[in-house]
Amino acid sequence: MTLFRPCIDLHQGQVKQIVGGTLGDDQTLKTNHVSEKSSAWFAEQYLNDQLTGGHVIQLGPGNHDAAMQALAAYPNGLQIGGGIRDDNAASFLEAGASHVIVTSYLFDASGEFQPTHLRNLLREVGKERLVIDLSCRLDADGWVVAMNRWQTPTNLRLNLATLNSLADSCDEFLIHAADVEGKCEGIDEALVRLLGSWGKIPVTYAGGARSLEDLQLVADASEGKVDCTIGSALDIFGGSGVTYADCVAWNQSQA
């Protein structure tokens, strides 16, 4: 059963919707929307509408206070990612996060996967509180996991072998299709089909969804095994493709 998963993307302390592939620096950054509302306001909406499994992503520095406000507003209802390491992960759980989401810490500076780092993190928080973010970019051979705000390719391919190898080390996977993230031009259907063909633990897909029809497409392409986040297309983030109320109603209809 595919569900809508909410999000709160934080950049420089504000709730924003950004074209994911442009997050390299201020010169390339493309912003779709900057909200006048606080992170806590969004968290309270998700709490009131009983939306679970949403994620707060800290896109770079300067977001700690806003992230903490969101976690406090919806205790044990939101996952937190962005800069998560073995030496700070537990503090986010203590602040109210249901899970921590990890990406870049699992790799060294050159993008080589570091199993020791994963073991360190598991020792601190346990697999039940860990989400592994395998957000990726498309290349000639398929999809490659990307770190550092999706700018640096790693040596880890996003394929069934990788999902199998990491599934016992986390509670869920989060996967942004960085090439379409924030563009509102449609999902990466081939990637969703790959994820749906696996389906051993919960997986959330994000990237390009622009309408309820795209939410249905994720449900169909994954045979209901993959959840979906919608960001820039949502009316609460300045979008015109789909209303937040319709997404809430979608989840209620699935229940």
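Starting afresh in each chain, residues are numbered from 1 along the sequence in its written order. Since the coordinates come from a predicted model, pLDDT governs what is reported: local features require at least 70, and pairs of side-chain atoms require 80 or more to be given and counted, while whole-chain, interface and lining totals use all residues. Where side-chain values are given, they derive from all heavy atoms of the structure, hydrogens and water being excluded.

> Is there a simple way to explain the sheet that holds strand β11 (residues 152-157) in this structure?
In this description, strands pair whenever DSSP reports at least two bridges between them. Helix and strand labels come from DSSP, where a helix needs a run of H or I of at least four residues and a strand needs a run of E of at least two; each type is numbered from the N terminus. Within the open sheet, the three strands sit side by side as β9-β10-β11. Their pairing is antiparallel. The open sheet terminates on both sides in strands that have one partner only, identified here as β9 (136-139) and β11. On average, each strand axis in the sheet is tilted by 50° relative to the strand beside it, whichever way the strands run. With three bridges joining them, strand β10 (residues 142-147) and β11 adopt antiparallel strand pairing. Residue Val144 lies in a different strand from β11, and its bridge partner there is Arg157. Axis definition: a line fitted to C-alpha atoms, over the contacting stretch in the case of helices. Angles run 0 to 180 degrees between N-to-C directions.

> Sorry, what's going on with the pattern of salt bridges here?
Oppositely charged side chains may form a pair once their charged atoms are brought near each other. Think of a salt bridge as a Lys or Arg side-chain nitrogen and an Asp or Glu carboxyl oxygen that are within 4 Å of each other. Taken as a whole, this structure holds seven salt bridges when the rule is applied. A salt bridge links Arg5 to Glu172; the shortest N-O distance between them is 3.2 Å. One end of the pair, Arg5, is in strand β1 (residues 4-5); the other, Glu172, is in strand β12 (residues 172-176), and 167 residues separate them in sequence. Summarising the burial analysis for this pair, Arg5 and Glu172 share the class buried. Between Arg5 and Asp227 there is a salt bridge, and its shortest N-O distance comes to 2.9 Å. Here the term buried applies to any residue with accessible area under 20% of the maximum for its type, exposed to any over 50%, and partly exposed to those in between, with areas from a 1.4 Å probe on protein chains only.

> Please explain the packing of helix α1 (residues 39-48) against helix α2 (residues 64-73) as it appears in this structure.
Geometry of a packed helix pair, given as the angle between the helix axes and the separation of the axes. Axis separation between α1 and α2 bottoms out at 8 Å; the angle between their running directions is 25°. Here α1 lies roughly parallel to α2, going by the angle between them. You can see that α1 and α2 cross each other, and the crossing is right-handed. Here Ser39, Ala40, Ala43, Glu44 and Leu47 of α1 come into contact with α2, specifically with Ala66, Gln69, Ala70 and Ala73. All amino acids are sorted into three groups, where Ala, Val, Leu, Ile, Met, Phe, Trp, Tyr, Cys and Pro are nonpolar, Asp, Glu, Lys and Arg are charged, and the leftover types, Gly among them, are polar. Of the residues in the contact of α1 with α2, the class split is six nonpolar, two polar and one charged. Roughly parallel means an angle under 35 degrees; roughly antiparallel means over 145; roughly perpendicular covers 65 to 115; every other angle is labelled oblique. Two helices crossing with the near one rotated counterclockwise from the far one by less than a right angle form a left-handed crossing, whereas a clockwise rotation gives a right-handed crossing. Note on contacts: a residue pair is in contact if any heavy atoms of the two residues lie within 4.5 Å.

> How should I be thinking about the environment of Phe113 in this particular structure?
Here Phe113 lies in the loop between β7 (99-102) and α4 (115-125). For Phe113 and Thr154, which are 41 residues apart along the polypeptide, the C-alpha to C-alpha distance reads 7.4 Å. Setting aside chain neighbours within four positions, we find Phe113 in contact with Leu106, Phe107, Leu118, Asn155, Leu156 and Leu166.

> Whenever I open this one, the packing of aromatic side chains confuses me. Can you help?
Remark: the centre distance and the inter-plane angle together describe each pair of aromatic rings, the angle taken between the planes. In this analysis, rings of Phe, Tyr and Trp, with Trp reduced to its six-membered ring, are considered paired at centre separations within 6.5 Å, and the interplanar angle assigns stacked below 30 degrees, edge-to-face beyond 60, and tilted for intermediate values. Counting across every chain of the model gives five aromatic pairs. Aromatic side chains Tyr46 and Tyr244 sit 6.1 Å apart centroid to centroid with 40° between the ring planes, which places their arrangement in the tilted category. Residue Tyr46 is located in helix α1, and its partner Tyr244 is located in helix α8 (residues 244-254); the two are separated by 198 residues in the primary sequence. Here Tyr46 and Tyr244 have matching classes, each one buried. Here the aromatic cluster, defined as three or more aromatic residues joined through ring pairs, consists of Trp41, Phe42 and Phe237. Note on criteria: charge over ring means Lys NZ or Arg CZ within 6 Å of the ring centre, with the direction from the centre no more than 35 degrees off the ring normal. One residue, Lys37, lies across the ring of Trp41, its end atom 5.0 Å from the ring centre.

> Got a minute to help me understand unusual backbone geometry in this structure?
Apart from glycine, the bulk of residues carry a negative phi angle, and the bulk of peptide bonds sit in the trans form. Despite not being glycine, Asn76 shows a phi value in the positive range, around 60°. Following the sequence through the fold, Asn76 ends up in the loop between α2 and β6 (78-81). Of note in the backbone geometry, Glu223 takes a positive phi value of approximately 55° without being a glycine. Take Glu223: it is sitting in the loop between α7 (212-221) and β14 (226-229).

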